[in-house]
Amino acid sequence: MTKNSAEQIGLNQAQLEAVKAPLGPVLILAGAGSGKTRALTMRIVYLIKKLGLKPHSILAVTFTNKAAGEMKTRIIGLIGKSELPTMGTFHSIGVRILRQECALVGLDRDFLIYDSDDQESLLKDILLRLRIDPTKFKPSLFAHLIDRAKNNLEEPDDLPTQTTFDLNVKKVYEMYQTELRKNNAVDFGDLLVLPVRIFQEHDDVLLKYQNLWQYVLVDEYQDTNHVQYIFTKMLVANHQNIFVVGDDAQAIYGFRGANLQNILDFEKDYPETKIIRLEQNYRSTQPILSIAQKVIELSPRQHKKTLWTENEKGMIPMFYSAPDELAEAYFVASKIIEIQDGKSNELQYEIEDTDDTILGRIMRHPPATPASWLAWRAGARSKILPKLKNRQRLNNIAILYRTHAQSRVLEEVMIEASIPYQIVGGLKFYERKEIKDILSYLRLLINPNDLVSLKRVINVPPRGIGPKSFDLLKEALIEQDEKELAKLMDLKPSVKHFFETVNLIQNLDESADLLDILRQVLKLTGYEAFLRDGSEEGETRWENIQELFNVAGSFRKMNWKEGLTKFLEEVALMTSVDEMDLHSPKVTLMTLHQAKGLEFETVFLVGLEEGILPHARSMMDPKDIAEEVRLTYVGITRAKQQLFLVCAQTRKQFGSRNISIPSRFLKAIPEELLQIHEDF
């Protein structure tokens with residue numbers, strides 16, 4: 001294919017090389033904004049249309065449901081939807097395998113997937129049974145340690161036993177796995193650990209999936225952890241047809257087990273690897289890319305890439321050193337208003353300062369002692385921000401920060417200036433109490449052994465069934481002691497009525513759909529009447545239940561049991577990125593980790609200070625510092641047109657005001673690449 005014909009289908013030469021790469025191992029090093037999704041999609045089309053592979057023999061793995069959905073939509077647009085490749089996240093592929101092979105690991109096919117709340121509820125019960133104080137050793141700590149062990153394919157017997165705490169972790173892990181099996185449930189870690197164990201112990205099953213998926217594509221390969229790495233390697237061991245796309249410069253998930261070495265060592269794993277670099281950027285302007293390049297050069301180990309763009313002109317990124325976190329927030333708000341409504345002549349926030357040296361102009365440090373800082377701060381003049389008028393296209397603006405704690409002051413100023421905003425990573429829809437309650441009822445219809453869900457709703461609405469009664473009930477159910485169960489139901493008729501209600505809903509006609517089941521759950525359990533108590537909060541919660549009906553409506557063409565299983569599976573695999581609404585006219589506030597894979601016309605990167613970015617926890621380990629470099633690079637490369645870098649000279653943390661040191665990453669950027677803002 002010639003250069004002109006490549007351009008006609010929207011590919012540059014490097015992308016075309018990736019699309020037409022031979023069979024065998026291929027590593028695509030795709031820089032930020034380099035059109036990797038298009039290259040990946042066109043590669044799949046090329047495999048089907050030109051190389052004659054059957055769609056069902058292709059497996060494409062992504063890291064988010066959103067990415068999988070976008071890829072599916074593009075492929076349908078190019079080849080139709082008569083037959084499609086298998087596409088999904090690692091976890092959704094794991095579920096698919098487990099539904100087929102569950103008997104090999106002692107599960108029924110209707111197993112449930114526990115989310116983090118379910119995990120912690122189960123772990124709290126286990127800690128109490130082991131007489132480990134859950135207020136001193138939180139369930140979330142054990143959940144993290146168990147998840148880390150599973151990511152590394154470690155069983156309880158593989159864990160260290162040197163200390164008392166080590167022994168407790170091992171005991172909790174063992175009991176946790178036992179309880180999961182009793183409840184016919186798995187957690188997120190199991191969705192990959194169990195398929196890998198099945199592959200390791202059953203050669204015939206592994207061969208079945210190797211023969212099924214003759215070509216495997218993996219997106220965001222730099223973010224794979226050990227179990228994902230092993231899972232992929234086992235699938236392609238026979239045919240070596242593996243096509244991975246990634247960017248080591250955007251490897252930012254080490255804290256949750258991602259291993260950068262997987263992409264750095266790809267050539268060692270597959271010696272016949274063909275490497276292709278996608279370096280033309282279609283997102284950002286050259287001034288933004290120049291800054292990104294200076295920052296990423298601080299990263300010691302990397303596959304070298306130099307991003308470039310045909311979009312050479314653009315606004316010079318702006319740097320502002322704010323006196324404190326409030327001034328930082330005011331600066332951000334004023335610039336948003338300026339972008340939306342035009343430049344205002346009113347000075348909203350001004351600091352009196354006569355220091356006109358270069359250091360003073362760039363950093364404007366206040367006095368070093370708290371007492372002199374207060375006197376200096378008293379000289380600051382502030383005026384109320386004007387209210388935002390134009391709210392259109394606010395979704396093109398993002399404020400990125402290292403930690404959620406930084407959002408509070410920003411939120412307060414957004415409210416003051418009437419700037420609509422959304423926080424990604426706040427309370428997600430499926431984590432709201434009323435939604436969790438209804439999901440627990442629904443899960444009991446599929447799996448009556450789910451003691452975690454039973455505990456949540458046995459007394460919601462209130463039925464007079466307290467913790468002691470539930471403990472007796474749980475013991476009778478675990479021991480399958482029908483005599484004790486009958487005795488308890490005689491003492492507590494509400495327990496009997498609860499199970500009769502669940503049984504009544506379970507026996508609804510199979511032709512009923514999921515919406516019918518939802519209505520019956522809300523009516524027969526008394527939950528609708530309980531929720532709609534006449535209060536404003538009750539009506540708000542009821543609106544959330546109505547939204548759940550909207551989600552469930554997409555499963556109405558299935559019989560209720562099949563639809564419910566699919567629905568619960570989809571909810572369990574949902575991520576914060578999947579719930580994000582990037583189309584409503586609101587400014588997006590989010591952490592740098594959550595911004596990965598997104599892009600915005602305007603980006604404010606705030607809190608560029610030592611101890612924040614790079615984070616204090618990273619200071620002692622060069623590997624952690626290198627990840628903070630990549631995190632900053634990710635933040636910068638989210639910007640398409642405008643980039644603002646902001647730090648504060650002082651910041652209140654843990655109740656005390658401290659002098660801040662500008663981030664070392666700022667020092668890597670030559671002053672001539674920045675527009676220094678100094679008249680705010």
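Residues numbered from 1 in each chain as written. Predicted model: local features only at pLDDT ≥ 70, side-chain atom pairs only at ≥ 80, totals over all residues. Heavy atoms only, no water.

Student: Before we go on, may I ask you to explain the sheet that holds strand β7 (residues 242–246) in this structure?
Tutor: Pairing between the strands of a sheet is mediated by backbone hydrogen bonds and can be parallel or antiparallel. The parallel open sheet is built from 6 strands, whose spatial order is β3-β2-β6-β7-β1-β8. The open sheet is flanked by β3 (86–89) and β8 (274–278), the only strands paired with a single partner. Averaged over all pairs of adjacent strands, the angle between their axes in this sheet comes to 15°, without regard to strand direction. Examined bridge by bridge, strand β1 (residues 26–30) and β8 share 5 bridges and lie parallel to one another. When the sheet's bridge partners are listed, Ala30 is paired in β8 with Leu278. Docked against the sheet, helix α3 (residues 36–49) engages β1, β2 (58–62), β6 (215–218), β7 and β8, running at close to 175° with respect to β6. Its contacts with the sheet put helix α5 (residues 90–101) on β2, β3 and β6, and the angle it makes with β3 is roughly 120°. (Pairing = 2+ DSSP bridges. Helix = DSSP H or I, 4+ residues; strand = E, 2+ residues; numbered from the N terminus. Axes fitted to C-alpha atoms, helices over the stretch in contact; angles between N-to-C directions. Contact = heavy atoms within 4.5 Å.)

Student: Teacher, can you tell me more about the nonpolar core here?
Tutor: Of all hydrophobic cores here, the largest spans 66 residues; its most connected members are Ile438, Leu442, Leu445, Leu564 and Phe567. Counting contributing residues per domain, this core is built from domain 2 (112–183) and domain 4 (430–573), each supplying no fewer than three. Excluding residues that lie within four positions of it along the chain, Leu564 makes contacts with Leu442, Leu445, Ile446 and Leu514. In this structure, Ile113, Leu191, Val205 and Ala572 belong to the second largest nonpolar core, which totals 47 residues. (Core = buried A, V, L, I, M, F, W, Y, C linked by side-chain atoms within 4.5 Å. Buried < 20%, exposed > 50% of the residue type's maximum accessible area, 1.4 Å probe, protein only. Domains from an automatic or database assignment.)

Student: Hey, could you run me through helix α7 (residues 139–151) in this one?
Tutor: Since one α-helical turn is 3.6 residues long, residues separated by three or four positions face the same way. For α7, with 13 residues, the first-to-last C-alpha span of 18 Å sits near the 18 Å given by 1.5 Å per residue. Those residues of α7 lying buried are Pro139, Phe142, Ala143, Leu145, Ile146, Ala149, Lys150 and Asn151. In this fold, the buried residues of α7 make contact with α6 (116–129), α8 (164–182), α9 (190–201) and α11 (226–235). Just downstream of α7, Leu153 is the residue with a positive phi angle, here 60°. (Expected span 1.5 Å × (residues − 1).)

Student: What exactly am I supposed to notice about the side chain of Gln340 here?
Tutor: On the secondary structure map, Gln340 appears in helix α15 (residues 325–341). A relative accessible area of 12% means that Gln340 is categorised as buried. Side-chain polar atoms of Gln340 contact the backbone oxygen of Asn390, separated by 2.9 Å. (Polar contact = N/O pair within 3.5 Å; in protein donor to acceptor, adjacent residues only side chain to side chain.)

Student: Can you walk me through unusual backbone geometry in this structure?
Tutor: With glycine set apart, most residues show a phi of negative sign, and most peptide bonds adopt trans. Cis geometry is adopted by the peptide bond preceding Pro461, which originates at Val460 and carries an omega value of 0°. With respect to the secondary-structure elements, Pro461 resides in the loop between α20 (451–457) and α21 (467–479). Residue Pro614 is reached from Leu613 by a cis peptide bond, and omega for that bond is 10°. Examined against the element boundaries, Pro614 turns out to sit in the loop between β15 (600–605) and α30 (622–636). Positive phi outside glycine occurs at Glu220, with the angle close to 55°. Note that Glu220 resides in the loop between β6 and α11. Positive phi values are uncommon outside glycine, yet Gln240 reaches one of about 60°.

Student: In this structure, what is going on with the domain arrangement of the protein chain? I would like to understand it.
Tutor: Put simply, an interface is often sized by how much accessible area is lost when its parts join up. Here the protein chain is partitioned into domain 1 (10–98 + 192–280), domain 2 (112–183), domain 3 (281–348 + 384–426 + 579–679) and domain 4 (430–573). A straight line from the C-alpha centre of domain 3 to that of domain 4 covers 44 Å.

Student: I would appreciate a short explanation of the packing of aromatic side chains in the present structure.
Tutor: Any two aromatic rings considered together are summarised by their centre-to-centre distance and by the angle between their planes. Scanning the entire structure with this criterion turns up 17 aromatic pairs. Taking 5.9 Å as the distance between ring centres and 45° as the angle between the ring planes, the aromatic pair formed by Phe199 and Tyr209 counts as tilted. Separated by 10 residues along the polypeptide, Phe199 in helix α9 and Tyr209 in helix α10 (residues 203–212) bring together distant segments of the chain. There is no split in this pair, since Phe199 and Tyr209 are both buried. With a centroid separation of 4.5 Å and an interplanar angle of 10°, the aromatic rings of Phe604 and Phe644 are classed as stacked. Of this pair, Phe604 sits in strand β15 while Phe644 is found in strand β16 (residues 639–648), placing the two residues 40 residues apart along the sequence. (Phe/Tyr/Trp six-rings, centres within 6.5 Å; stacked < 30°, edge-to-face > 60°.)

Student: In this structure, what is going on with the environment of Met234? I would like to understand it.
Tutor: Within the element layout of this structure, Met234 appears in helix α11. Exposure remark for Met234: the relative accessible area of 15% places this residue in the buried category. Separated by 34 residues in the primary sequence, Met234 and Gln200 place their C-alpha atoms 8.8 Å from one another. Setting aside residues up to four positions removed in sequence, Met234 forms contacts with Val196, Phe199, Gln200, Leu206 and Gln210.

Student: What's the story with the pairing of strand β12 (residues 397–401) in this structure? I'm lost.
Tutor: Taken residue by residue, a regular strand's side chains alternate between the two faces of the sheet. In terms of burial, β12 is a largely internal element, 5 of the 5 residues being buried. Examined bridge by bridge, β12 and β15 share 4 bridges and lie parallel to one another. Considered in β15, the bridge of Ile397 is made with Thr602. Taken together, the 4 bridges between β12 and strand β14 (residues 587–591) define a ladder with parallel strand orientation. Looking at β14, one finds that Leu400 is bridged to Met590.

Student: Help me out: how do you make sense of the packing of helix α19 (residues 433–446) against helix α27 (residues 560–572) in this one?
Tutor: Interaxial distance between α19 and α27 falls to 10 Å at its minimum, and their mutual angle equals 130°. Taken as axis vectors, α19 and α27 run oblique relative to one another. The crossing of α19 and α27 is left-handed. Contact with α19, carried on its side by Leu439, Leu442, Arg443, Leu445 and Ile446, involves Trp560, Lys561, Leu564, Thr565, Phe567, Leu568 and Val571 of α27 and no other residues of that element. (Parallel < 35°, antiparallel > 145°, perpendicular 65-115°, else oblique. Left-handed = near helix turned anticlockwise from the far one by under 90°.)

Student: Just checking my understanding: could you explain the UniProt feature "binding site: ATP" (unreviewed entry) in the protein chain for this structure?
Tutor: On the UniProt side, "binding site: ATP" (unreviewed entry) is annotated at positions that read Ala30, Gly31, Ala32, Gly33, Ser34, Gly35, Lys36 and Thr37 here. Mapping Ser34 onto the fold places it in the loop between β1 and α3. The exposure class assigned to Ser34 is buried, which follows from its relative accessible area of 2%. Contact partners of Ser34, with chain neighbours within four places excluded, come to Gln15, Leu278, Gln280, Asn281 and Tyr282. Turning to its location among the elements, Thr37 is positioned in helix α3. (UniProt positions renumbered as here; feature names shortened; annotations may be inferred.)

Student: Whenever I open this one, the environment of Asn544 confuses me. Can you help?
Tutor: Mapped onto the elements, Asn544 comes out in helix α26 (residues 536–552). In this structure Asn544 comes out as buried when scored by relative accessible area, which is 16%. Each C-alpha atom of the pair Asn544 and Phe231 lies 38 Å from the other, and the pair is 313 residues apart in sequence. What Asn544 contacts, discounting residues up to four positions off in sequence, is Phe429, Arg432, Glu434 and Ile435.

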